[in-house]
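Understanding the architecture of this molecule
One-letter residues, chain by chain:
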Amino acid sequence: MDLDPAVSERLRRNDAGLVPAIAQQHDTGEVLMLGWMDDEALARTLATGRATYWSRSRREYWVKGETSGHRQHVVAVRLDCDGDTVLLQVDQEGPACHTGTRTCFDADLVWAADPGGSEAGHG
């Protein structure tokens, strides 16, 4: 599968030829996960409407939910202004995170602003 040259020209890849791809629930804006794509993974995603990523550890393509059933049906694909990040707006079936949680960003809060306007944890 070939990626549209107009899209390919806009991509700014890292040294491994990859761009980060953020998956976001299309109707709520919830950030679900981050994966990696090369031109082929993006082309497959655009052709099938199913989120396809490049696994850096297994060194192979994987379609989200192919084995778990937790599929990502792609609603829209956007590039950021620099072309160095892909945003996949998806309809997520079940958990997005490999740990079984809805999002990969629901634990390990590092910092949050105090609703009163001051920094949390800084009196």
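For the structure, check the block above.
Throughout what follows, the structure given in this document is the object of discussion. Bear in mind the structure is a predicted one, so any value in this text is a computation, not a measurement. (Residues numbered from 1 in each chain as written. Predicted model: local features only at pLDDT ≥ 70, side-chain atom pairs only at ≥ 80, totals over all residues. Heavy atoms only, no water.)

Observations regarding the environment of H26
Tracing the sequence through the fold places H26 in the loop between strand 1 (19–25) and strand 2 (31–37). On the accessibility criterion, H26 (35% relative accessible area) is partly exposed. Considered as a pair, H26 and H73 are 47 residues apart in the sequence and their alpha carbons are 9.8 Å apart. The residues touching H26, leaving out its near neighbours within four places in the chain, are V75, Q89, V90 and D91. (Helix = DSSP H or I, 4+ residues; strand = E, 2+ residues; numbered from the N terminus. Buried < 20%, exposed > 50% of the residue type's maximum accessible area, 1.4 Å probe, protein only. Contact = heavy atoms within 4.5 Å.)

Let's talk about the side chain of T85
Considering the arrangement of structural elements, one finds T85 in the loop between strand 5 (72–79) and strand 6 (86–92). Within the structure, T85 has its side chain in polar contact with the side chain of D84 (distance 3.5 Å). Not counting residues within four places of it along the chain, the set of residues in contact with T85 comprises P20, I22, R78, L79 and D80. (Polar contact = N/O pair within 3.5 Å; in protein donor to acceptor, adjacent residues only side chain to side chain.)

Notes on the side chain of T45
Note that T45 resides in helix 2 (residues 39–48). Residue class for T45 comes out buried when judged on its relative accessible area of 1%.

Concerning the pairing of strand 2
Regular strands show a simple pattern: their side chains alternate between the two faces of the sheet. Taken across its seven residues, strand 2 has five buried, putting it largely inside the fold. When strand 1 meets strand 2, the two strands line up antiparallel, connected through six bridges. Following the sheet pairing, A21 is matched in strand 2 by G35. Between the antiparallel neighbours strand 1 and strand 2 lie five residues, among them G29 with a positive phi of about 85°. (Pairing = 2+ DSSP bridges.)

Structural notes on the nonpolar core
By size, the foremost hydrophobic cluster in this structure holds 18 residues, and its most contacted members are L11, L32, M37, L42, Y53, V86 and L88. Of all the secondary structure elements, the ones that give two or more residues to this core are strand 1, strand 2, helix 2 and strand 6. (Core = buried A, V, L, I, M, F, W, Y, C linked by side-chain atoms within 4.5 Å.)

Thoughts on the state of the cysteines
This model, assessed by the stated rule, comprises zero disulfides. C104 supplies the cysteine sulfur nearest to C97, a cysteine that is in no disulfide, at a spacing of 3.1 Å. (Disulfide = S-S within 2.5 Å.)

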